[in-house]
Amino acid sequence: MTMGFVVLWFNKKNPLNIITACMFFCFALWTAGMLLTNDLQMGMDRAKTVFRVTSIGWLLFPAFMLSFAVIFAEKRSVYRSVYFPATLAIISALFVALYEYGLLMGPIRPEMFGWFETWQNNVWVYLFYLYYITACVLSLLLFFESASKSKHVYKKKTSVVLFATLSLCLLTGTINEIVMPRLNVIVDITNIFVLIWALGIFYALVKYRFMSITPKSITDDIIAQMAESLIILDDSFTVVFANRAAFAMSGYTEGELKNMPFANLAHSIGAPTGWMKQLLVEGLIKNSEMELRDKTGKSIPILLTASLITDEGDIKGSICIINDITERKVYEQKLKNDIEKMKELDRLKDDFLSIVSHELRTPITAIRGYLSFFLNGAFGAMSPEQKDVMERVRSNTDRLLTLINNLLDMSKIEAGFLTIEFSNINIVRVVEESMNEILLLAQNNGISLYFKNKPAGEILLEADRERIKQVMLNLLSNAIKFSGPNTEVVVSIVENYVMDRAKAETIYDSTGNAVREGNYVMICVKDEGVGLNEEQKKKIFGRFYQAERADNRKHSGTGIGLYISRKIVEAHGGFFVIESQGLDKGTAFSFYLPKNR
């Protein structure tokens, strides 16, 4: 009874404490009855009354024991369910009623140790045996699971104690209450096996602070469960304490690690005592990369965080937290090797493209020259059919030469060798020339090409004339390619576009840097074509990116023209902006060139 009040004193609101107190009260009622009925001087009627009262203890005990085990094992979905306590309450009430009607226990009789109740020989008795043993076995399984899986050191130890004492209690109780009476051997040791279970709980309560939370128990539990190694050193950097993780990492036992100079265990890479000097000067070191030598002599890469322990300015020791970074080091090395392989493959690819492009451009240029001779009549007049075929050949030759030049430009960009030859150019004239060169293609596709609000005078810039023209031709050809018949492609120029800080911080170049403030010339090519969604706008300047799926493309292309155009514009100190309301709503590609480099 006293133990029940002790448990409630620890925490009277905790369900586990309440259930434990109820078990202790059952123990008290049960054992009190056994002690009172040992007196044969007590009359039979009085003995019957005592047995009726004390039966409440052993009839309710299985329900409280199973509830205790379920709550202890933290089976929240079970004990928070309405059905679990309701079922136990119904079963307990049933057996109490059966006892009152004399269906569980028969007439009492005197024995040498006192008054004795005999079990009836009916199905209800065997059902109670089954109920009692089932509750015990389920409780044992829950304690075993808790002992096996719990990460809390005190709970694990408590589970072992509860499992051992309940097993012993179940064994002795079964022998005393079931086996021996069937063999007509009457020895009452009920008090003993009940007391075993009660003392097991009380031992766990006292020894492991079971059901009581103290700062020390919390601290000990946290330290024991830490994945990091914790080592405490004295003022001479000698180990005075280590947790389980430290023993596991180093391979040393507690006795071997204690009093070991920490310098023998871990040291800075290239400077064995460097971290100690830093700690003494700064009082704290964080994530210092070091090596730990375990018991076998194996070096383990670690991160050390250490802090001095001081008392009124005097150094008393230090606390060290150690993380094993072996896996991280393996991953870093693998990543480094993979990056080197990728760089090598990328370099080989660039070399291959450059070589192949150079080798192809020479014969293609010669073919293009001979085609011009034929078309100009240098080798005699041609029929209209022959001339049409030669025009088609020249057109495809030009496309192939453009592709080769783009591949060469991309190789130069990747190698960092893209050349920009700055000169004073009239950007209006460059735009006009580009539109004139692309005009025939637009007409053949039924597309109207306009220069909207053409500036009356010149707009002079420091830029590479041929490179800017290359950008314009790429934007115009794309606009025509992705627009349908009877649509418009409109080109416009804004001479003085002011980029202030607020705008600049919302636009980024291909390296992820915000663009510069200042005055720009904006050149825009707007079409009424297929448009772009948000995902496509993010990827459109990528190498070899095609806005259409490769297996469903209606338009030819390599997907490197815009990549090269962006690099050319950024090499001038400019940037690109894309605007589109979505698919089938057209697109506006604008590039901005600084007025003053």
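Residues numbered from 1 in each chain as written. Predicted model: local features only at pLDDT ≥ 70, side-chain atom pairs only at ≥ 80, totals over all residues. Heavy atoms only, no water.

A. A look at the packing of helix 3 (residues 44–72) against helix 5 (residues 83–100). Viewed as axis vectors pointing N to C, helix 3 and helix 5 meet at an angle of 160 degrees, and their least axial separation amounts to 10 Å. The orientation of helix 3 with respect to helix 5, classified from their angle, is roughly antiparallel. In the crossing of helix 3 with helix 5, the sense of the turn from one axis to the other is right-handed. Note on element contacts: helix 5 touches helix 3 through Phe84, Leu88, Ser92, Phe95, Val96, Tyr99 and Glu100, opposite Phe51, Arg52, Ser55, Ile56, Trp58, Leu59, Leu60, Ala63, Leu66, Ser67 and Val70. Partitioning the contact of helix 3 with helix 5 into residue classes produces 13 nonpolar, three polar and two charged. (Axes fitted to C-alpha atoms, helices over the stretch in contact; angles between N-to-C directions. Helix = DSSP H or I, 4+ residues; strand = E, 2+ residues; numbered from the N terminus. Parallel < 35°, antiparallel > 145°, perpendicular 65-115°, else oblique. Left-handed = near helix turned anticlockwise from the far one by under 90°. Contact = heavy atoms within 4.5 Å. Nonpolar A, V, L, I, M, F, W, Y, C, P; charged D, E, K, R; others polar.)

B. Just a nonpolar patch on the surface, in detail. A surface patch of nonpolar side chains, about 690 Å² in accessible area, is lined by Leu94, Tyr101, Leu103, Val123, Trp124, Leu127 and Leu130. Per element, the largest residue contribution to the nonpolar patch is four residues, and it comes from helix 6 (residues 123–149). Counting through the fold element by element, Tyr101 comes out in the loop between helix 5 and strand 1 (105–111). (Patch = residues over 30% accessible without salt bridge, like charges linked within 9 Å, V, L, I, M, F, W, Y side chains within 5 Å. Areas by Shrake-Rupley, 256 points an atom, 1.4 Å probe, with all protein chains shown as cover. Salt bridge = Lys/Arg side-chain N within 4 Å of Asp/Glu carboxyl O.)

C. Seen up close, the pattern of salt bridges. For the structure on display, the rule yields 19 salt bridges. Between Lys469 and Glu437 there is a salt bridge whose closest N-O contact spans 2.6 Å. Residue Lys469 is located in helix 17 (residues 465–481), and its partner Glu437 is located in helix 16 (residues 427–444); the two are separated by 32 residues in the primary sequence. Taking the relative accessible area as the measure of exposure, Lys469 reaches 13% and is therefore buried. Residue Glu437 is classed as partly exposed on the basis of its relative accessible area of 47%. Glu570 is paired through a salt bridge with Arg566; the nearest N and O atoms lie 3.2 Å apart. (Buried < 20%, exposed > 50% of the residue type's maximum accessible area, 1.4 Å probe, protein only.)

D. Highlighting the pairing of strand 2 (residues 114–119). For strand 2, a buried count of six out of six residues is recorded, marking the element as mostly surrounded by other parts of the structure. When strand 1 meets strand 2, the two strands line up antiparallel, connected through five bridges. Following the sheet pairing, Pro110 is matched in strand 2 by Trp115. (Pairing = 2+ DSSP bridges.)

E. Structural context of helix 16. End to end, helix 16 covers 26 Å across 18 residues, agreeing with the expected 26 Å (1.5 Å per residue, within 8%). Of all the bends in helix 16, the greatest, near 45 degrees, is centred on Ile438. The residue sitting at the N-terminus of helix 16 and contributing the capping side-chain oxygen is Asn426; that oxygen lies 3.2 Å from the backbone nitrogen of Val428. The first or second residue beyond helix 16 is Gly446, which carries a positive phi of 70 degrees. (Expected span 1.5 Å × (residues − 1). Bend = angle between axes of the 7 residues up to and from the residue. Polar contact = N/O pair within 3.5 Å; in protein donor to acceptor, adjacent residues only side chain to side chain.)

F. Broad picture of the sheet that holds strand 15 (residues 588–594). The strand order across the open sheet built from five strands is 10-12-13-15-14, with neighbouring strands paired in mixed fashion. Whereas interior strands pair on both sides, the edge strands pair on one side only; in this sheet they are strand 10 (447–452) and strand 14 (575–579). Across the sheet, the mean angle from the axis of one strand to that of its neighbour is 20 degrees, orientation sign disregarded. The pairing of strand 14 with strand 15 spans five bridges and is classified as antiparallel. When the bridges of strand 15 are listed, Val577 appears paired with Ser590. Set on the sheet, helix 16 makes contact with strand 10, strand 12 (487–499), strand 13 (518–526) and strand 15; between it and strand 10 the angle comes to about 170 degrees.

G. Quick peek at unusual backbone geometry. A positive phi angle, close to 70 degrees, is found at Asn259, a residue other than glycine. Locating Asn259 in the fold gives a position in the loop between helix 11 (254–257) and helix 12 (262–265). Among the residues examined, Asn259 registers a relative accessible area of 56% and is labelled exposed. One non-glycine residue with positive phi stands out, namely Asn453, at about 50 degrees. Structurally, Asn453 is set in the loop between strand 10 and strand 11 (460–463).

H. Local environment of the side chain of Glu433. Position of Glu433 among the secondary structure elements: in helix 16. Leave out the neighbours within four places in its chain, and Glu433 touches Arg465 and Lys469.

I. Quick peek at the nonpolar core. Membership of the largest hydrophobic core comes to 44 residues, with the highest contact counts inside it found for Ile427, Val431, Leu476, Ile523 and Phe591. Counting residues in each nonpolar core, the second largest holds 43 residues, with Val50, Phe51, Ile71 and Ala135 among its members. (Core = buried A, V, L, I, M, F, W, Y, C linked by side-chain atoms within 4.5 Å.)

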